[in-house]
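Architecture and fold: a report
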Amino acid sequence: MTTFPLIAVLLPFIAAAAGLLLSRWPHQRPTTPSSTRGAHGTPQPKTPSPEAPAGNLRTTTPASETTTSTPKATTPAPETATSATEATTSEREAKTAKTAKTAKTAEATRAAAAQRANTRAAWIAILPTTLSAILAGWLARGPGIAYLHGATTSPPTGQTYGTIVTGGVPITLALQADNLSSILGVLVTLVALAVQVYSVGYLKDDPRYPSYSAFISLFTSAMLLVVYAGDLLVLYVGWEIMGLCSYLLIGHWWEDRSNSRAAVKAFLVTRLGDVGFLFGIFVLGLAAGSFRISDVLGKVPEMSTATLVTATMLLLAGVAGKSAQIPLHTWLPDAMAGPTPISALIHAATMVAAGIFIVARLFPVFLAARPTLDVLAVVAALGMLGSALAALAQDDLKRVLAYSTISQLAYMAGGLAAGSDTAAIFHLLTHGAFKALLFLCAGAVIHHVGSNLMTQMGGLRRELPVTFVTMTIGFAALMGIPPASGFFSKDGILLAMDRALSTGGLTDAAALLLYGCALATVAVTGAYATRAWLRTFFGQARAVALPEPEPGTAHVVDITEAPRTMLVPVVVLAVPALLLGFAGELHLDLGVAAVSIVLAALGAGTVYAFWRIDPIADPARLLGPLRGPCERAFYVDGVYAALFVRPALALARLVVRTDDVVVDGAVRASGRSARGLSGVLRLAQNGNVQLYVSGVLAGVLLIAVGAVVFA
């Protein structure tokens, strides 16, 4: 069992390598008709195609060009000319048909080869991920359940595979599976497996599916490395590989400029936070004399408050970047440009959860740095309420879920700030299940409608019954409606925040702000979840996919659900989204639970009332004048563009201009100077002997005059 973490990490990595190298091997070449190739495959001259100029199509020679002996031969008989023309036309049509058949055969061959490559890539990705999920489940069968029931410490299962000597603090190549990492490993592998299976149907005909599935496998391996790492720098390796895979997957459809820009934005914003994260690791490693996580946690009592606050504040920058918390949250909504399964994998259950996992992994360090917890509480309070309001005003279904993800991650950060890592991780698990479910259901809806916009949806509950039921479960879990899993995990976080008001873990202002924003967010969450549910599945269908049929003709309604490969993961994820709450240790506080349910019902009821008044209009009108700022996410992107993006672009243009005018200009000017001097010298070297003699005499005269004057 000590090697299980290593095997779990390596299996998806091997799948990624095999997927990139072998998914399109052997390469299929388009077939060439035998009539156009010689005995050894060498190309032979082809008959001119029908698209060639008319002069190249002649295959018969008129008699006027071959016979001139008698006048009769100069004019062919009408029957003969007609027969020749018909023969030429028949031959041309035959060649055209043959060419079309050849092209169709070649296209069919290429399509079949691409389909075989996609099928091979799917098996290469799914089988190792399945084995990795089995290993992760085996590791978590005891410690994981113990963690959910409050046991936060246990002897880790793992192994050290060597040490890298750096001349300073050594790097330990160690993997371990304790209570926390074992339960997170199950979440990562199961969601990754669901996404891989779902993608088989969602991207069935995508020509770049093999590389897509390979990047998902690489991402899964990197996330497992983060989860099972026993050394902070080993963890950082997986942390950065995740960022690279996120960039590649968000920009999967890079032909669309908005997609490539979203990928670049996600990469740059998260890298900005990763700089602080790396320096935070350095501070902790140097203070503890080791980067090994167990050694760092053991040295916490010996570290000064300044060291702990500095390290945790730097780490918090990386957490804000990866988990999309303010002020580094702006990349996540734009990342919805990528394929919907990627939104489920990266931006719901795994990558964005990495920041929360890091705080939980190093929780004793953060507990010893109280000022950092106050900062985390303020960031979480503003993030959860602001993102929920932004979600209430969005028309793009995936952007609604994106802002919802930011809000729910802020809940987890708030639970950590309130001092309960168990409640935060429990909500991370339930959120991973129901948010992945919501994203995959959204993908099925988009797959059916052909649009992300809710203004083009409506009335889909009859056409997509399975998606309707499963997405209803996901929305119920998101709102915290019992008995869905989100009710139990969110209640645990609210209870921790309630206790933080009295225990004094946070300053009074931070604790009050955190708890107040959390309660307000419960109501807003109920509002935006209900709005998305109603506008997607109820009311009249607002998208007209087919023209109106002839009078007297029956209206044909497309009730086709998504492919089975898309529905099976959705149905499977609906089970933990509904029942996972019962797996944890139930610490229900009736007062907190009642307040949570009432607030969620209040938000949902308000939206429902506005919707009933006018089912066609958007219930977001209840925001009134606040709707515009909420729809634009309070103009944070615009502020960043004015303060950072435009000055950076202006500086870049200045650098380019300086390089072109000053640096390259100096080189060009030196060339022009050399050419000018050469022109002057060329005047003297014109081959005129008299000019040469005159020059010599003038030089002798100048020397003589100089000798007399200066003697």
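First things first, this report covers the structure right here in the doc. (Residues numbered from 1 in each chain as written. Predicted model: local features only at pLDDT ≥ 70, side-chain atom pairs only at ≥ 80, totals over all residues. Heavy atoms only, no water.)

1. Examining empty space enclosed by the protein
Put simply, the rule is: Put simply, the grid is 1 Å and covers the protein atoms alone, a cavity is a trapped set of points that fit a 1.4 Å probe, a pocket is an open set with protein on both sides within 12 Å along at least five of seven lines, and lining residues have an atom within 4 Å of a point. Grid points are joined across faces, edges and corners, and a volume is the space filled by probe spheres set on the points. Gly counts as polar in this scheme, as do all residues outside two lists: the nonpolar Ala, Val, Leu, Ile, Met, Phe, Trp, Tyr, Cys and Pro, and the charged Asp, Glu, Lys and Arg.
One pass over the structure, following the stated rule, counts one cavity of 30 Å³ or more. Lining the largest cavity, in full, are His 329, Thr 330, Pro 333, Tyr 403, Ala 633, Val 636 and Asp 637. Residue composition of the lining of the largest cavity, grouped by class: four nonpolar, two polar and one charged.

2. Focus: unusual backbone geometry
Note the cut-off: Numbered from the N terminus, helices here are DSSP runs of H or I no shorter than four residues, and strands are runs of E no shorter than two. Accessibility here uses a 1.4 Å probe with only protein chains present; expressed as a share of the type maximum, an area under 20% marks a residue as buried, one over 50% as exposed, and anything in between as partly exposed.
Geometrically, the link from Ile 326 to Pro 327 is a cis peptide bond, its omega value of 10° lying close to zero. A cis amide bond links Pro 482 with the next residue in sequence, Pro 483, at an omega value of 5°. Its place among the elements puts Pro 483 in the loop between helix 17 (465–479) and helix 18 (485–503). With a phi angle near 55°, Ala 633 is a residue other than glycine that sits in the positive phi range. Along the polypeptide, Ala 633 turns up in the loop between helix 22 (627–631) and helix 23 (636–684). With a relative accessible area of 13%, Ala 633 lands in the buried category.

3. Remarks on the layout of surface pockets
Each pocket or cavity is described by its volume, and for the largest pocket that value is around 840 Å³. In terms of lining, the largest pocket is formed by 22 residues, of which the most central are Lys 265, Leu 268, Val 269, Asp 637 and Val 645. At the level of elements, helix 7 (257–288) and helix 23 are the ones that each hand at least two residues to the lining of the largest pocket. Classifying every residue of the lining of the largest pocket gives 14 nonpolar, three polar and five charged.

4. Looking at a nonpolar patch on the surface
What counts, and what does not: Each patch is built from residues lacking any salt bridge and having more than 30% relative accessible area; the joining distance is 9 Å for like charges and 5 Å for nonpolar side chains (Val, Leu, Ile, Met, Phe, Trp, Tyr). Here the accessible surface of atoms and residues is derived via Shrake-Rupley with a 1.4 Å probe, and residues count as covered only by protein chains that are part of the display. Should a side-chain nitrogen of Lys or Arg be within 4 Å of a carboxyl oxygen of Asp or Glu, the pair is scored as a salt bridge.
Together, Tyr 635, Val 639, Leu 643, Phe 644, Val 645 and Leu 649 line one region of the surface with nonpolar side chains, adding up to about 570 Å² of accessible area. Along the chain, the position of Leu 649 falls in helix 23. Residue classification places Leu 649 among the partly exposed positions, given a relative accessible area of 44%.

5. Overview of the nonpolar core
Rules: Among the buried residues, those of types Ala, Val, Leu, Ile, Met, Phe, Trp, Tyr and Cys that are joined through side-chain atoms within 4.5 Å form a nonpolar core.
Counting 188 residues, the largest nonpolar core has Leu 184, Tyr 228 and Met 497 as its most contacted members. Ranked by residues supplied to this core, first place goes to helix 16 (residues 421–449) with 16 residues.

6. Topic: helix 17
For clarity, the cut-off: To estimate how far a helix should reach, multiply one less than its number of residues by 1.5 Å. Any two residues whose heavy atoms approach within 4.5 Å at even a single point are treated as in contact.
Spanning 15 residues, helix 17 covers 21 Å between terminal C-alpha atoms, matching the ideal 21 Å at 1.5 Å per step. Inspection of helix 17 places Thr 467, Phe 468, Thr 470, Met 471, Ile 473, Gly 474, Phe 475, Ala 477, Leu 478 and Met 479 among the buried residues, and these make up the whole buried set. Check the buried side of helix 17 and you find it contacts helix 15 (397–417), helix 16, helix 18, helix 19 (508–537), helix 20 (564–579) and helix 21 (590–613). Phi turns positive one or two residues past the end of helix 17, at Gly 480, with a value near 85°.

7. Re the packing of aromatic side chains
Heads up, the condition is: Aromatic pairing here means that ring centres of Phe, Tyr or Trp (its six-membered ring) are within 6.5 Å. Orientation follows from the plane angle: under 30 degrees is stacked, over 60 is edge-to-face, and everything else is tilted.
The final tally for this structure, using the stated rule, is 15 aromatic pairs. Between the aromatic rings of Phe 468 and Phe 538, the centroid separation amounts to 5.8 Å while the plane-to-plane angle is 75°, which identifies the pairing as edge-to-face. Of this pair, Phe 468 sits in helix 17 while Phe 538 sits in the loop between helix 19 and helix 20, and the two are 70 residues apart along the sequence. For the pair Phe 468 and Phe 538, one class covers both residues: buried. Measuring from ring centre to ring centre gives 4.8 Å for Trp 533 and Phe 538, while their planes differ by 65°; the resulting arrangement is edge-to-face. These aromatic residues form a ring-pair network of at least three members: Phe 468, Trp 533, Phe 537 and Phe 538.

Note that all results are geometric; they support no functional claim without further evidence.
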